[in-house]
Every structure is written in C-alpha cells, then in structure tokens.
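Residue-level listing of the chains:
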Amino acid sequence: MSRVAPTLVPMGDPVAYFQTLARELGVALGIDEAEISDRITSKTQELVDACAPMKAEIGDETVGYLLAQGGEWYLNGISYNAEDGSLSPVAASRWLYEFCGFRAPNIVINDIDEWGITISEELLPSIAADHLFVISSGYSPEEREDAADFLAEAIDNSALWEAIPAVQNDNVYLMNYFSALSFDTASSAIASANEAFDAVS
C-alpha cells in the first residue's frame, strides 16, 4: 500500500467522547472551527434537555451512581482522571452531575477523589443518597449475571441495603448495562436513566 487513510482514535473520558470525536473529525474534514463548536454546543444542550424530566422530579435531592460487580459495590465519583487515555465505565457517572446537574451525596463529595471507591456492604448506608442509579456490571455475560444475582440478593435480604434513603423511598433505578456504559456514554446513559426512572416513577 502506497498510502494509508488517516486514522483517528479519540481517547479519554467517554462522557466527553462525542465532544472529542466531533472536534477531531471536524478538523480532519476541514470544517470551520465555529461550526464545530456550534454542533458541540447543540449536542450538549440536547443532553441537558434530555435530563429535564428527571431533573424536574428529583430537584435538589441527592443522586448516587452505584455498580455491582465481582461481588463488590463500587460507588462512582464526579470527576474522572483520563491522563492515561483509558476508557472506563466509572466515568459514566459524570453525566449525572455534568449534564443533568444532579447533586451528589456527601460521601461522593467528601470521600471520592476521582474515579470512585469500593465500599463494603457495611458501608452501604453511608451512601445516604435520595436517589440511586444502579448497574449490574461485568466484562462477560457470566460476570454480569453474577453481578445481577449479587444485587438481587442484597435487594431481597440485606438490612444494610434497606438503610439507604433511596431504597426506603423506592427511588432505586436499575439501568441497562449496555446502553448505560456504551462508548457514547452521555446520550445513551441518559436515555437508559430516563427509561429506568420512568419504570419506577
């Protein structure tokens, strides 16, 4: 081959994935910078608008984002360190706070630096979120099935799970793994969150 077509591999935070991709593709295609910025602004506003039904219902109450994976609980943070260029489902929580404008519970604000923290079952009540989005996560179908069983066991039998305010008030929203953690995390996750929220509300 005498020539190879340019290849773009956007890396970094999947919440900003559409922004990164739009900018890099726009530059590669010779699109004017102002038009690129306008398209990104329009898409960002679309995501904010998609959050509006949930935001109207939830208001200023606190919202958490919890993964059940590998027999453990993982509470996601607000920010995400993408210095190594990795793509991680942990970043999926950022759409809650960046685009939807939800308020994080104190444990997320005070105790989580960047990605998130693994918490023991004994610490579940410390989440203290008024609303909780939950995903059964895993890298294979078997791992996701195990995570779903782990979550179901907690829902059915854990007094500590019951101590979370969101659980007590029936404000737990079980999200679809694939749409919540896809590459286009923000738009697909918000759509999945709306679906999970509507199923409970």
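Data block above holds the structure.
Quick summary incoming for the structure in this document. Here the structure is a predicted model, which means the values were calculated and not measured.

## Points about the environment of isoleucine 155
Its place among the elements puts isoleucine 155 in helix α5 (residues 141-157). Look at isoleucine 155 and you get partly exposed, because its relative accessible area is 31%. A sequence separation of 12 residues divides isoleucine 155 from valine 167, and the C-alpha atoms of the two residues are 8.8 Å apart. Residues within four places of isoleucine 155 in sequence aside, it is in contact with Trp161 and Glu162.

## A look at the sheet that holds strand β2 (residues 72-76)
Pairing is mixed in the open sheet, where five strands are placed in the order β3-β2-β1-β4-β5. Bordering the open sheet on either side are β3 (116-119) and β5 (172-174), each of which pairs with just one other strand. Going from strand to strand, the sheet's axes swing by 25° on average, the running direction of each strand aside. Of the strands in this sheet, β1 (63-69), β2, β4 (131-136) and β5 touch α5, which is tilted by about 140° from β4.

## Quick word on a negative patch on the surface
A surface patch of negative charge is lined by Glu142, Glu143, Glu145, Asp146 and Asp149. Along the chain, glutamate 145 turns up in helix α5. Judged by relative accessible area, which is 51%, glutamate 145 ranks as exposed.

## Thoughts on the pattern of salt bridges
In total, this model carries one salt bridge according to the counting rule given. As a salt-bridge pair, arginine 39 and glutamate 35 come within 2.4 Å of each other at their nearest N and O atoms. With arginine 39 and glutamate 35 both in helix α2 (residues 33-58) and four residues apart, the pair spans about one turn of that helix.

## Observations regarding unusual backbone geometry
Residue alanine 128 is not a glycine yet carries a positive backbone phi of 50°. Of note, alanine 128 is situated in the loop between β3 and β4. Even without a glycine there, the phi angle at aspartate 170 is positive, about 55°. Structurally, aspartate 170 can be placed in the loop between α7 (165-168) and β5. Assessed through its relative accessible area of 57%, aspartate 170 is described here as exposed.

Calculation criteria
Residues numbered from 1 in each chain as written. Predicted model: local features only at pLDDT ≥ 70, side-chain atom pairs only at ≥ 80, totals over all residues. Heavy atoms only, no water. Helix = DSSP H or I, 4+ residues; strand = E, 2+ residues; numbered from the N terminus. Buried < 20%, exposed > 50% of the residue type's maximum accessible area, 1.4 Å probe, protein only. Contact = heavy atoms within 4.5 Å. Pairing = 2+ DSSP bridges. Axes fitted to C-alpha atoms, helices over the stretch in contact; angles between N-to-C directions. Patch = residues over 30% accessible without salt bridge, like charges linked within 9 Å, V, L, I, M, F, W, Y side chains within 5 Å. Areas by Shrake-Rupley, 256 points an atom, 1.4 Å probe, with all protein chains shown as cover. Salt bridge = Lys/Arg side-chain N within 4 Å of Asp/Glu carboxyl O. Lys, Arg positive; Asp, Glu negative; His and termini not counted. Charge placed at Lys NZ, Arg CZ, Asp CG, Glu CD.

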